[in-house]
Amino acid sequence: KRAILSQERNEIDATINRLDQALSEMNTNTALPLVAAIEAQPSLFQHFVSFQGTVKTLQNVLVYPEMPGILKSIAVYQGQRVKKNDLMARLDDGGLAAQLEQAKSQLGLAKTIFERQDRLWKQEIGSEMQYLQAKTNFESAQSAVAAIEMQYNKSFVRAPFDGLVDQVFKEPGVFVSPGQGAELFRILNLDEVYVEVDVPETHVTSVAKGTKATVHLDALATEIEAEVSERSIVINPSNRSFKIKVALPNKEGAIKPNLTATVLLNDYTKEDAIMVLQSIVSENAEGQQYCFVLRADGETYYAERRIVQTGKTQDDFMEILSGIQSGELLITEGAKKVTDGQQVQFISQ
């Protein structure tokens, strides 16, 4: 078997030698490095910076009782949509309902007496003191009813706005009172949500209200085109950043508070930027960046090194601010094998 393979190898080597000889006779530029190039053309360049943010809602509140008492009933359930002022729960009023009825009866009597005394006063019958006393009693009765009614209404817990009942914390029968730990419900309005992001102060001049943004919600496999809706004017001294808000449409209610979001902010745009692959840009010993262009002399091509000033980068591309003109041929392949002024063989564009 070894002898057979050795013979095959000798035959292949002989064939390769004949091919090399034929190729050398056909190509007179075998000593020249082969390069490929592309024409530099201005194009739209949009630079994005990426930050992590958290979804929040404009209305996300805990609902507390306004008076102490036994929680008699709960009128809503978790996940229920409610309208503003809808009844959510009821507390034991501690006899306020009876007091209110009594106060209303007294108000009715005071009103009747005042109206009768008012008619007599207009007919110049009776004393001014009797009229004023009846008026005072009527007004006092009105105030008493209003005060008891206001206190009685506190036994009814109502929705502060249109929204969704996110959590129900208490069960009927427990004693509750205003204060920390006595929250009854959490209610959200999912119609208006936003992503809050801490942006480093280095971007304070490039990120403003109206800046375009792309929001990625990985948990929902969703990408949303939006813009910065609010920007703080104060720099946080603890982390040297400022806050921005990116408003998101949420008509279906799929976007939930506290979801993690990746926000891409368009901090720089140029209509006619010269973009090149980062891989063709090199750096010399002096720290200058350069790339090679093709210079044509008739049908002969030469590599010419150009010192360039670079700008921002995006993915695999880099912006060239100066050193390259529109229409020039940039060497893309073979650039690492040429030197300044060297003749090259241009094989493709």
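All chains use their own residue numbering, which begins from 1 and follows the written sequence. With pLDDT at 70 or above as the cut-off, local features in this predicted model cover only qualifying residues; side-chain atom pairs require 80 or more to be listed or tallied, and sums for whole chains, interfaces and linings still use all residues. Neither water nor hydrogens contribute to the side-chain values; these are computed over all heavy atoms in the structure.

As for the pairing of strand β9 (residues 185-200)
Logical step 1: Pairs of strands are assigned from DSSP output, requiring at least two bridges between the strands. A helix here means a DSSP run of H or I that spans at least four residues, while a strand means a run of E at least two residues long, and both kinds are numbered starting from the N terminus. In this sheet, β9 lies alongside strand β2 (residues 42-63) in antiparallel orientation, the contact comprising 10 bridges. Residue pairing in the sheet places Asn 60 in a bridge with Leu 188 of β9.
Logical step 2: When strand β7 (residues 163-168) meets β9, the two strands line up antiparallel, connected through four bridges. Across the sheet, residue Val 168 finds its bridge partner in β9, namely Phe 185.
Logical step 3: Where β9 meets strand β12 (residues 241-249), nine bridges bridge the pair, whose relative direction is antiparallel. Within β12, the position partnered with Val 197 by the bridge is Ile 244.

Here we look at the sheet that holds strand β5 (residues 87-91)
Logical step 1: Taken in spatial order, the four strands make up an open sheet running β6-β5-β3-β8, and their pairing is antiparallel. The sheet terminates laterally at β6 (156-158) and β8 (175-176), the two strands that pair on one side only.
Logical step 2: Summarising the sheet, strand β3 (residues 69-74) and β5 pair through three bridges and their orientation is antiparallel. Residue pairing for β5: Leu 71 is matched across the bridge by Leu 91.

Topic: a negative patch on the surface
Logical step 1: Residues Asp 86, Asp 162, Asp 191 and Glu 192 make up a contiguous surface patch of negative charge.
Logical step 2: Locating Asp 162 in the fold gives a position in the loop between β6 and β7. Surface patches are drawn from residues lacking salt bridges whose relative accessible area is over 30%; two like charges belong together within 9 Å, two nonpolar side chains (Val, Leu, Ile, Met, Phe, Trp, Tyr) within 5 Å. Note on areas: Shrake-Rupley, 1.4 Å probe, and residue coverage restricted to the protein chains presented here. Here, a salt bridge means any Lys or Arg side-chain nitrogen found within 4 Å of an Asp or Glu carboxyl oxygen. Residues scored as positive are Lys and Arg, those scored as negative are Asp and Glu, and His as well as the terminal groups of each chain are ignored. Each charge is placed at NZ for Lys, CZ for Arg, CG for Asp and CD for Glu.

A few points about the packing of aromatic side chains
Logical step 1: Each pair of aromatic rings taken from Phe, Tyr and Trp, with Trp reduced to its six-membered ring, is defined by centres within 6.5 Å and is described as stacked if the planes are under 30 degrees apart, edge-to-face if over 60, and tilted in the remaining cases. Counted under the stated rule, the structure contains six aromatic pairs.
Logical step 2: Ring geometry for Tyr 290 and Phe 292: centres 5.9 Å apart, planes at 90°, overall edge-to-face. As far as burial versus exposure is concerned, Tyr 290 and Phe 292 are alike and both buried.
Logical step 3: Geometrically, the ring pair formed by Tyr 301 and Phe 346 is edge-to-face, given 5.1 Å between the ring centres and 70° between the ring planes. With Tyr 301 in strand β16 (residues 300-314) and Phe 346 in strand β19 (residues 343-348), this pair connects stretches of sequence that are 45 residues apart. Exposed residues in this analysis have more than 50% of their type's maximum accessible area, buried residues have under 20%, and partly exposed residues fall in between, with area computed by a 1.4 Å probe over protein chains only.

Regarding the confidence of the model for the protein chain
Logical step 1: On average, residues of the protein chain score 89 in pLDDT, and 98% of them reach the 70 mark or higher.
Logical step 2: In the model of the protein chain, β19 stands out as the element of lowest mean pLDDT, 84, in contrast to strand β10 (residues 212-217), which has the highest, 94. A residue's pLDDT is simply how confident the predictor is in it, with values from 0 to 100.

Some points on helix α2 (residues 96-122)
Spacing of three or four residues puts side chains on the same side of an α-helix, whose turn is 3.6 residues.
Logical step 1: Each helix should span, by expectation, one fewer than its residue count multiplied by 1.5 Å. Spanning 27 residues, α2 covers 38 Å between terminal C-alpha atoms, matching the ideal 39 Å at 1.5 Å per step.
Logical step 2: For α2, the complete set of buried residues consists of Leu 96, Leu 100, Ala 103, Leu 107, Ala 110, Phe 114, Gln 117 and Asp 118.
Logical step 3: Two residues or fewer after α2 comes Glu 124, characterised by a positive phi angle close to 60°.

Structural notes on the packing of α2 against helix α3 (residues 128-153)
Packed helix pairs are specified by the crossing angle of their axes together with the interaxial distance, meaning the distance between the axes.
Logical step 1: Lines fitted to C-alpha atoms define the axes, with helix axes restricted to the stretch in contact, and inter-axis angles between N-to-C directions lie between 0 and 180 degrees. Axis separation between α2 and α3 bottoms out at 8 Å; the angle between their running directions is 155°. Relative to α3, the element α2 lies roughly antiparallel. For the pair α2 and α3, the crossing hand works out as left-handed.
Logical step 2: Each residue gets one of three labels, nonpolar for Ala, Val, Leu, Ile, Met, Phe, Trp, Tyr, Cys and Pro, charged for Asp, Glu, Lys and Arg, and polar for the others, Gly among them. A breakdown of the residues in the contact of α2 with α3 according to their chemical character gives 16 nonpolar, seven polar and six charged. Geometric relationships in this document are graded by angle, where less than 35 degrees denotes roughly parallel, more than 145 denotes roughly antiparallel, 65 to 115 denotes roughly perpendicular, and other angles denote oblique. We call a crossing left-handed when the near helix sits turned anticlockwise from the far one by less than a right angle, and right-handed when that turn is clockwise.

Some points on the side chain of Ser 282
Logical step 1: With respect to the helices, strands and loops of the structure, Ser 282 is situated in strand β14 (residues 282-283).
Logical step 2: The class of Ser 282 is buried, set by a relative accessible area of 16%.
Logical step 3: Each polar contact in these results corresponds to two N or O atoms within 3.5 Å; when the atoms are within protein, one needs to be able to donate a hydrogen and the other to accept it, and residues that are neighboring in sequence are counted only if both atoms are side-chain atoms. Within polar-contact distance, the side chain of Ser 282 engages the side chain of Lys 336 at 2.8 Å.
Logical step 4: Between two residues, a contact is recorded if the distance between any of their heavy atoms is within 4.5 Å. Not counting the four nearest positions on each side in its chain, Ser 282 is found in contact with Gln 288, Gln 289, Tyr 290 and Lys 336.

Some words on unusual backbone geometry
Logical step 1: A positive phi angle, near 55°, is found at Arg 240, a position not held by glycine.
Logical step 2: Turning to its location among the elements, Arg 240 is positioned in the loop between β11 (222-231) and β12.
Logical step 3: A relative accessible area of 41% places Arg 240 in the partly exposed class.
Logical step 4: For Asn 258, which is not glycine, the phi dihedral falls at a positive 75°.
Logical step 5: When its relative accessible area of 62% is taken as the criterion, Asn 258 is described as exposed.

Notes on α3
Logical step 1: For α3, built from 26 residues, the straight-helix expectation of 38 Å at 1.5 Å per residue is met to within 8% by its first-to-last C-alpha distance of 37 Å.
Logical step 2: Tyr 131, Ala 134, Phe 138, Ala 141, Val 145, Ile 148 and Tyr 152 are the residues of α3 that are buried.
Logical step 3: Those residues of α3 hidden inside the fold are in contact with β5, α2 and β6.

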